[in-house]
Amino acid sequence: MRLALISDIHGNDVAFEAVAGELERLELDACVCLGDAVQGGAQPAEVVSRLRGLACPVVMGNADDFLLEIPEESPEPIKEQMLEVREWTLSQLSPEDVAFIRAFQPVVEVIVEPGTRLHAFHGSPSSFDDVLLPWSDLEALEPFTGVDADLLAGGHTHLQWSRRIGDTLYVNPGSVGLAYDRYQPEEDFKLTAVAEFAIVTGGGSEPGVEFRRLPYSRERLLEAIRSSGRPAAESFAADWP
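Let me sum up the structure you'll find in this document. Each chain carries its own residue numbering, running from 1 in the direction its sequence is written. At least 70 in pLDDT is required for a residue's local features to be given in this predicted model, at least 80 for side-chain atom pairs to be given and counted, and no such filter applies to totals for whole chains, interfaces and linings, which use all residues. Each side-chain value is worked out from all heavy atoms of the structure, with water and hydrogens disregarded.

Examining the pairing of strand β7 (residues 168–173)
Next up, step 1: Burial runs high along β7: six of the six residues are buried.
Next up, step 2: Of the pairings in the sheet, the one linking strand β5 (residues 151–153) to β7 comprises three bridges and is parallel in character. By the bridge assignment for β7, Leu152 is matched with Tyr170.
Next up, step 3: Summarising the sheet, strand β6 (residues 160–165) and β7 pair through six bridges and their orientation is antiparallel. Bridging from a neighbouring strand, Ser162 pairs with Val171 of β7. Any residue under 20% of the maximum accessible area for its type is buried, any over 50% is exposed, and the rest in between are partly exposed; the area is computed with a 1.4 Å probe on protein chains only. Think of it this way: any DSSP run of H or I at least four residues long counts as a helix, any run of E at least two long counts as a strand, and we number them from the N terminus. One bridge is not enough; two strands pair if DSSP finds at least two bridges between them.

A look at the pairing of strand β10 (residues 194–201)
Next up, step 1: Burial analysis of β10 places seven of its eight residues in the buried class, which makes it a mostly covered element.
Next up, step 2: The pairing of strand β1 (residues 2–6) with β10 spans four bridges and is classified as antiparallel. What sits directly across from Ala4, in β10, is Ile199.
Next up, step 3: Summarising the sheet, β10 and strand β11 (residues 208–215) pair through eight bridges and their orientation is antiparallel. From the neighbouring strand, Val194 faces β11, where its bridge partner is Pro215.

Examining empty space enclosed by the protein
Next up, step 1: Only protein atoms enter the 1 Å grid used here. Points where a 1.4 Å probe fits but cannot escape make up a cavity, open sets with protein on both sides within 12 Å along at least five of seven lines make up a pocket, and a residue lines them when an atom lies within 4 Å of a point. Grid points are joined across faces, edges and corners, and a volume is the space filled by probe spheres set on the points. This model, assessed by the stated rule, comprises one cavity of 30 Å³ or more.
Next up, step 2: Of the voids in this model, the largest cavity is the one considered here, and its volume is about 40 Å³.
Next up, step 3: Residues were grouped as follows: Ala, Val, Leu, Ile, Met, Phe, Trp, Tyr, Cys and Pro as nonpolar; Asp, Glu, Lys and Arg as charged; and all remaining residues, including Gly, as polar. Residue classes in the lining of the largest cavity are distributed as five nonpolar, five polar and no charged.

Side note on the pattern of salt bridges
Next up, step 1: Think of a salt bridge as a Lys or Arg side-chain nitrogen and an Asp or Glu carboxyl oxygen that are within 4 Å of each other. One pass over the full model with this rule turns up 13 salt bridges.
Next up, step 2: Arg212 is paired through a salt bridge with Glu22; the nearest N and O atoms lie 3.5 Å apart. Separated by 190 residues along the polypeptide, Arg212 in strand β11 and Glu22 in helix α1 (residues 13–26) bring together distant segments of the chain.
Next up, step 3: Classification of Glu22 by relative accessible area gives buried; the value is 12%.
Next up, step 4: Arg218 is the partner of Glu219 in a salt bridge, and the nearest nitrogen-oxygen pair spans 3.8 Å.
Next up, step 5: Overall, the relative accessible area of 53% leaves Glu219 in the exposed class.
Next up, step 6: Exposure remark for Arg218: the relative accessible area of 28% places this residue in the partly exposed category.
Next up, step 7: Through salt bridges that share partners, Glu22, Arg25, Glu210 and Arg212 make up one connected network.

See the structure below:
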């Protein structure tokens, strides 16, 4: 059985369309979305529609939750522009779209194959805000331990990578809609018109993982941003130089 892991679409339907087409071409058995599907980009309603059509389980991400309710405490400062984009995003969604987002689950569990159990989340099994990166210290591993699963799948950090945590394999598929090089200089930040996802294979003694990077049309994306009415559209478009 082959299962796709997608995450962090962030309202970029140009990227999501490319990935959805690739998943159909590959004839995979299933798909799980690890959250942060809608908020941030210029095509929130289009992403919700395509996600509905994909009919896959969706994890609640921090950005999804932010759409539903502004948190009283946030690990990141909530800037005025974020609130403006949130209000615009909500104006693009129907009540049925919002109800669809509200039904996202904190954790999704899937049997990839008999004997291969997947535990999927956004940040960690206990919080969509938790961060795990290759250079994180041992303390950051604590929320990921003690889970009865063969595979752990999380998003949130927009970085494709995997590692062993005890006897369990952790996989992050990267970002469909907001991929970027985490090693680039902060003063020269730019996004990349590449959609990231992963394919996991169950069965056997060890799960298999394959990372994919799929280019999409930067020109189509910029056109969608500039014609959307999204707040700060030009500065957002400038992030794809």
